[in-house]
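Chain by chain, the residues run as shown.
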Amino acid sequence: MMHRKKHTGSDRASPYLFDDSSTSNSADDGGAAKRKGRSRNMASSTALTVTNLTKNMCLPGVPVALKLVLFSFLAFALLMVLTAKARRAHFRYKHKNSEGGLIRGPGMPVPLVDQLKQKLHFQNGNSNLSGNDNSKILQDSEDGNSAPALSSMEATKRMLAQPSKFVDAEKNLKRQLLQLLEKQTEEQKNQGKVDPSNSVLGVKISNRYLGEDLLPYPESKQAEGEWETKMNKRKDELRKQDEMEWKALMDQYNEVMVDYVEENEHADHRVGLHHDEPDVIDSKPQKPQQQQPASNVKQVTSDDNTTWSAPLKKAGDDATILLKPAFGTHRPSSNAILVFAEGYDLSIYLSFVESLANTGYSGDVVFSISNESKLKSGVKEYLLSKSNSQSEEGVNIIAYEVEWTCFKKSGESAHGSGEGMNNCKMTNVFGDAAGNPVDDPREPRPVATARYELYWIWSLQYSKESWLMLLDVRDVWFQLNPFEQVNTRDKVTGELHLFGENADAVRIGTSAYNKGWLVTAYGRKTVSPYFNEPVICSGSTMGNQDAIETYLRAMVAQFDATSCKSKGCDQGFHNYLYYSGQLGKVDDEATSVGAISKLLVHEQGKGVINNLGALRTKPLKEWGMYDAEKELVLNWDGSTSPVAHQYDRDKEVNIMVKGKKKQFEQQWRLGKLNTA
């Protein structure tokens, strides 16, 4: 046992803090030690002290391995202490802080809630912050950084400085009612001295602030009737004002939502062709269940013995279609693929048309393209080379150039559709009986919504037995003739085929986008029964001409009924029409609607069109849906998918298609493509 050792000739302690009998060489020389102590070398004493400290504190007799373990533990504990602040900040970002907000580091995307708060704050013209504060927060927002953190006192001060219509109204109402209380108290003190006709005891009161010119109570019991009339009129005025303000707020919210989708979602930015959240839910795949139409949704009736009026009827009963192809001629007895394809470069058209031609497809492809002055280099020349109306065989391209007048969400004039974000009107599409152009009868809307009117016009060029397919363009890759299966059957009419997203990966209720489009268009109460249903993709639809024409009437009618202008609302229309039963019921000819005599819905990976967008949690190869050796996208049963839609969400497939695009472009540039 170590102990403090004392000199026998003196009460003074040894200069060594710790000592062992085996190591101590100090000797007791009585008074001689005192005489020599003053002259002892101070440096030597310090060195001996450190030596003893080191020897005793480094755990003499403890194995080296155990010492390493102990020192490692101490180092780890020290690291935890030093990094605690940074780890806490990361935790608060990943989860939520105690106030419910999100903490973000530099470069991290601005969460939707933060964007909404910032946008509404500045659009409502908050003047209580200094110009420097405003500009700083705006700059932070643009840079993707959070607004600077505030102390509790500063945050409270800023909150109290915010103008609040409702809080201020409550304060004013309380002030006015306190005045009434004072009058009533005074009247009770002077009972019998106040004229009953002027009494304010027991008068009716309003529970809402009506303004300074109209008190929330009558001046007297006698004036109660007149006051009540004025109060009801004022409340109606305020209610209308509230509705207008709420609508404006929702418009701002929708603008923020679509901006957020545009900036943070890997999606088709050209015409808003659709974004699906890959949220995995626990429920097992279910067949889509249809519901009866909600009674509170405006139904569009017809004036021509069909369920929905022809889209041109909105321009007048004698309206005519003026839109003609820029080049190419329809072949009425052919099958056709209808595509909205404005604003793309040559590689997109090459991959779409060449992959289709390589399947042996023989039929029309109808494109809506940009005006010639805006077409990318080589596009018109290539498409013209594929215009083949003189023959009944091979791919035949028909192209339409549509003129658009577009507006930003704020109402300002805009140059073009803004990649689907602006609202637009079509020009010179409809005319009167004499052939004179008439204005677009519909409000400005996203081109992704307006395209269904173009599809409807094009569909009229084909016979009832023709098969038509509505497809996106940028993310479609053909592997087999898309109509090969139906071409081998007997000729039919009235069939409509819809194609779903993966039900395990996404449902309407788990996708913020799909749920948002439905709620925006129809209201939560109407569409909430559909939240657990699979998403049906509006970017891929197939059917006979008569069934497609009816479906397209229905899609245009949904915009007329809802005026939903959010980018992507067409997918909401598509899902609502199916789940509400307005297109009929699956495989139930007794519920046929218009020319739709048979409705079929294909689960993801089990039909002609394979919608891949929701399968983003792992590569398609790991899902068993891509054969890298054969470079083929597969259905769940291992067969080749005729049409791979949203293929670009998978890295390996996207690289494969990009390589093919380069080959097509090189062949085209060298003039080796077959132009027959």
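Look up a bit, the structure's there.
All figures in this text were calculated on a predicted structure; none of them were measured in a lab.

### Structural notes on helix α7 (residues 165–189)
Step number 1: Taking 1.5 Å as the rise per residue, α7 with 25 residues should run 36 Å; its terminal C-alpha atoms sit 36 Å apart, in good agreement.
Step number 2: Among the residues of α7, Ala-169, Leu-173, Gln-176, Leu-180, Gln-184 and Glu-187 are the ones counted as buried.

### Quick notes on the packing of aromatic side chains
Step number 1: Taken as a whole and assessed by the stated rule, the structure comprises 17 aromatic pairs.
Step number 2: Between the aromatic rings of Phe-352 and Phe-367, the centroid separation amounts to 5.8 Å while the plane-to-plane angle is 65°, which identifies the pairing as edge-to-face. A residue pair is termed long-range when its members are at least 10 positions apart, and Phe-352 in helix α9 (residues 346–357) and Phe-367 in strand β3 (residues 363–369) qualify at 15 residues.
Step number 3: Between the aromatic rings of Trp-623 and Trp-636, the centroid separation amounts to 6.3 Å while the plane-to-plane angle is 85°, which identifies the pairing as edge-to-face. Taken together, the positions of Trp-623 in helix α17 (residues 620–623) and Trp-636 in the loop between β16 (632–633) and β17 (643–645) put the pair 13 residues apart, joining distant regions of the chain.
Step number 4: The class of Trp-623 is partly exposed, set by a relative accessible area of 27%.
Step number 5: Looking at Trp-636, the relative accessible area reads 36%, which means it is partly exposed.
Step number 6: Among the aromatic side chains, those forming a connected cluster through ring pairs are Tyr-522, Tyr-530, Phe-573, Tyr-576, Tyr-578 and Tyr-579.
Step number 7: The positively charged end of Lys-515 is found above the aromatic ring belonging to Phe-531, 5.7 Å away from the centroid.

### Things to note about the side chain of Asn-396
Step number 1: If you trace the backbone, Asn-396 turns up in strand β4 (residues 395–401).
Step number 2: Given a relative accessible area of 0%, Asn-396 falls into the buried group.
Step number 3: Leave out the neighbours within four places in its chain, and Asn-396 touches Thr-329, Arg-331, Gly-363, Asp-364, Val-365, Lys-386, Ser-387, Asn-388 and Ser-389.

### Comments concerning the sheet that holds β17
Step number 1: The strand order across the open sheet built from 3 strands is β10-β17-β14, with neighbouring strands paired in mixed fashion. Edge positions in the sheet fall to β10 (476–478) and β14 (609–611), since each of these pairs with one other strand and no more. Direction aside, the axes of adjacent strands within the sheet are offset by 20° on average.
Step number 2: Pairing between β14 and β17: 3 bridges, direction parallel. Considered in β17, the bridge of Asn-611 is made with His-645.

### Side note on helix α15 (residues 545–562)
Step number 1: The end-to-end C-alpha distance of α15 is 26 Å, a good match for the 26 Å that 18 residues give at a rise of 1.5 Å each.
Step number 2: Where burial is concerned, most of α15 is hidden: 16 out of the 18 residues are buried.
Step number 3: Two residues or fewer past α15, Ser-563 is found with a positive phi of approximately 55°.

### Quick word on the sheet that holds strand β12 (residues 536–544)
Step number 1: If you walk across this open sheet you meet the 7 strands as β4-β3-β2-β9-β12-β11-β13, and the pairing is mixed. What marks the edges here is a single partner per strand, and that holds for β4 and β13 (598–602). Across the sheet, the mean angle separating the axes of adjacent strands is 20° when strand polarity is ignored.
Step number 2: Pairing geometry for strand β2 (residues 336–340) and β3, over 5 bridges, is parallel. Among the inter-strand pairings, Leu-338 is bridged to a residue of β3, identified as Val-366.
Step number 3: Across the face of the sheet, helix α11 (residues 447–459) comes into contact with β2, β3, β4, β9 (467–471) and β12 while running at roughly 150° to β2.
Step number 4: Seen against the sheet, α15 touches β9, β11 (495–500) and β12 and runs at an angle of roughly 140° to β12.

### Digging into the state of the cysteines
Step number 1: Taken as a whole and assessed by the stated rule, the structure comprises 2 disulfides.
Step number 2: The disulfide partner of Cys-406 is Cys-424, and the gap between their sulfur atoms is 2.1 Å. On the S-S bond that ties Cys-406 to Cys-424, the torsion sits near 105°, and the link is right-handed. Here Cys-424 lies in strand β7 (residues 423–427) and Cys-406 lies in strand β5 (residues 403–407), a separation of 18 residues in the sequence.

### Digging into the pattern of salt bridges
Step number 1: One pass over the full model with this rule turns up 30 salt bridges.
Step number 2: Arg-234 is the salt-bridge partner of Glu-237, the closest N and O atoms lying 3.6 Å from each other. Taken together, the positions of Glu-237 and Arg-234, both in helix α8 (residues 224–264) and 3 residues apart, correspond to about one turn of that helix.
Step number 3: In this structure Glu-237 comes out as partly exposed when scored by relative accessible area, which is 41%.
Step number 4: Under the relative-accessibility criterion, Arg-234 is labelled buried at 19%.
Step number 5: Put simply, Asp-440, Arg-442, Arg-445, Glu-453 and Asp-560 are held in one network by salt bridges that share partners.

### Thoughts on the side chain of Ser-368
Step number 1: Inspection of the secondary structure assignment puts Ser-368 in strand β3.
Step number 2: Here Ser-368 is in contact with Val-339, Phe-340, Ala-341, Glu-342, Tyr-400, Val-402, Leu-454 and Trp-458, once residues within four sequence places are set aside.

### A closer look at the environment of Lys-565
Step number 1: Relative to the helices and strands, Lys-565 is located in the loop between α15 and α16 (569–579).
Step number 2: Each C-alpha atom of the pair Lys-565 and Met-421 lies 9.6 Å from the other, and the pair is 144 residues apart in sequence.
Step number 3: Contact partners of Lys-565, with chain neighbours within four places excluded, come to Lys-409, Asn-423, Glu-443, Pro-444, Pro-446 and Phe-559.

### What about the nonpolar core?
Step number 1: In this structure, Trp-404, Trp-458, Leu-496 and Leu-583 are the most contacted members of the largest nonpolar core, which totals 64 residues.
Step number 2: The dominant element in this core, judged by the number of residues it contributes, is α15, at 9 residues.
Step number 3: Residues in contact with Trp-404, not counting those within four places in the same chain, are Phe-340, Glu-342, Cys-424, Lys-425, Met-426, Val-447, Ala-450 and Leu-454.
Step number 4: Grouped together as the second largest cluster of nonpolar side chains are 50 residues, Ile-348, Tyr-382, Phe-478 and Phe-664 included.

### As for the environment of Asp-364
Step number 1: Mapped onto the elements, Asp-364 comes out in strand β3.
Step number 2: For Asp-364 and His-330, which are 34 residues apart along the polypeptide, the C-alpha to C-alpha distance reads 7.0 Å.
Step number 3: Once you skip the residues sitting within four places of it in the chain, Asp-364 turns out to touch His-330, Arg-331, Ser-334, Asn-335, Ala-336, Ile-337, Asn-396, Ile-398 and Tyr-462.
Step number 4: For Asp-364, the side chain forms a polar contact with the main-chain nitrogen of Arg-331, separated by 2.9 Å.

### Describing a nonpolar patch on the surface
Step number 1: On the surface, Leu-66, Val-69 and Leu-70 cluster together into a nonpolar patch covering about 250 Å² of accessible area.
Step number 2: Position of Leu-66 among the secondary structure elements: in helix α3 (residues 64–94).
Step number 3: With relative accessibility at 42%, the residue Leu-66 sits in the partly exposed group.

What counts and how
Residues numbered from 1 in each chain as written. Predicted model: local features only at pLDDT ≥ 70, side-chain atom pairs only at ≥ 80, totals over all residues. Heavy atoms only, no water. Helix = DSSP H or I, 4+ residues; strand = E, 2+ residues; numbered from the N terminus. Expected span 1.5 Å × (residues − 1). Buried < 20%, exposed > 50% of the residue type's maximum accessible area, 1.4 Å probe, protein only. Phe/Tyr/Trp six-rings, centres within 6.5 Å; stacked < 30°, edge-to-face > 60°. Lys NZ or Arg CZ within 6 Å of the ring centre and 35° of its normal. Contact = heavy atoms within 4.5 Å. Pairing = 2+ DSSP bridges. Axes fitted to C-alpha atoms, helices over the stretch in contact; angles between N-to-C directions. Disulfide = S-S within 2.5 Å. Salt bridge = Lys/Arg side-chain N within 4 Å of Asp/Glu carboxyl O. Core = buried A, V, L, I, M, F, W, Y, C linked by side-chain atoms within 4.5 Å. Polar contact = N/O pair within 3.5 Å; in protein donor to acceptor, adjacent residues only side chain to side chain. Patch = residues over 30% accessible without salt bridge, like charges linked within 9 Å, V, L, I, M, F, W, Y side chains within 5 Å. Areas by Shrake-Rupley, 256 points an atom, 1.4 Å probe, with all protein chains shown as cover.

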